[in-house]
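# What the coordinates show
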Amino acid sequence: MNINELNAINATQDEYENILVEKLLNKTVFLKTINFTSPTGTGKTKMMADLINKLPDEYYFVITTLSRGQLNKQIRNEMKRFCKKS
């Protein structure tokens, strides 16, 4: 995968994050849960952090993972790295 393809993927992720934030802030969508699913290494944790950063403090988040390995520590470290509210 080249840099142009990665930039295109990042732009698409940003676009969908912004659409979701707009719908949540305008109360056009009522969601109790948001589930991020995509293949390993595609930036789910960063997308979650970006979404959290874009929403007001009145929203709260519980992030869980079903893993016996180091995934929970990896997610915690990435959230500390990318999320301003962690």
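Scroll up to find the structure this text is about.
Below, the structure is looked at part by part. As the structure is a computational prediction, the values presented were derived from the model and not from experiment.

### Quick look at the overall build of the protein
Helix and strand counts for the protein stand at three helices and zero strands. In the protein, the succession of helices and strands from N to C terminus is α-α-α. Overall size of the protein, expressed as C-alpha extent along the three principal axes, is 35 × 35 × 20 Å. Per-residue burial for the protein yields a buried fraction of 17% across its 86 residues. Counting contacts in the protein only where the partners sit at least 6 residues apart, residues at least 24 apart contribute 61% of the total. Entry remark: accessible area of the protein is about 7,000 Å², with carbon and sulfur atoms responsible for 53%. Measuring between centres, the 13 positive side-chain charges of the protein sit 10 Å from its 9 negative side-chain charges.

### So, the pattern of salt bridges
As enumerated under the stated definition, the model contains five salt bridges in all. The salt bridge partner of E17 is K54, with a shortest N-O separation of 3.1 Å. With E17 in helix α1 (residues 3-25) and K54 in helix α2 (residues 44-54), the pair connects residues that are 37 residues apart, well separated along the chain. For E17, a relative accessible area of 4% corresponds to the buried category. Accessibility expressed as a relative area gives 33% for K54, which makes it partly exposed.

### Details of the side chain of Q13
If you trace the backbone, Q13 turns up in helix α1. Of the polar contacts made by the side chain of Q13, one reaches the backbone oxygen of T42; its length is 2.9 Å. Discounting chain neighbours no more than four positions away, the residues touching Q13 are T42 and M47.

### Some points on the environment of Y59
The topology assignment puts Y59 in the loop between α2 and α3 (71-82). Separated by 35 residues in the primary sequence, Y59 and L24 place their C-alpha atoms 9.9 Å from one another. Residues contacting Y59, with those up to four places away along its chain left out, are L24, L25 and K27. At 3.1 Å, the side chain of Y59 forms a polar contact with the backbone oxygen of L24. Separated by 3.5 Å, the side chains of Y59 and K27 make a polar contact.

Calculation rules
Residues numbered from 1 in each chain as written. Predicted model: local features only at pLDDT ≥ 70, side-chain atom pairs only at ≥ 80, totals over all residues. Heavy atoms only, no water. Helix = DSSP H or I, 4+ residues; strand = E, 2+ residues; numbered from the N terminus. Buried < 20%, exposed > 50% of the residue type's maximum accessible area, 1.4 Å probe, protein only. Contact = heavy atoms within 4.5 Å. Areas by Shrake-Rupley, 256 points an atom, 1.4 Å probe, with all protein chains shown as cover. Lys, Arg positive; Asp, Glu negative; His and termini not counted. Charge placed at Lys NZ, Arg CZ, Asp CG, Glu CD. Salt bridge = Lys/Arg side-chain N within 4 Å of Asp/Glu carboxyl O. Polar contact = N/O pair within 3.5 Å; in protein donor to acceptor, adjacent residues only side chain to side chain.

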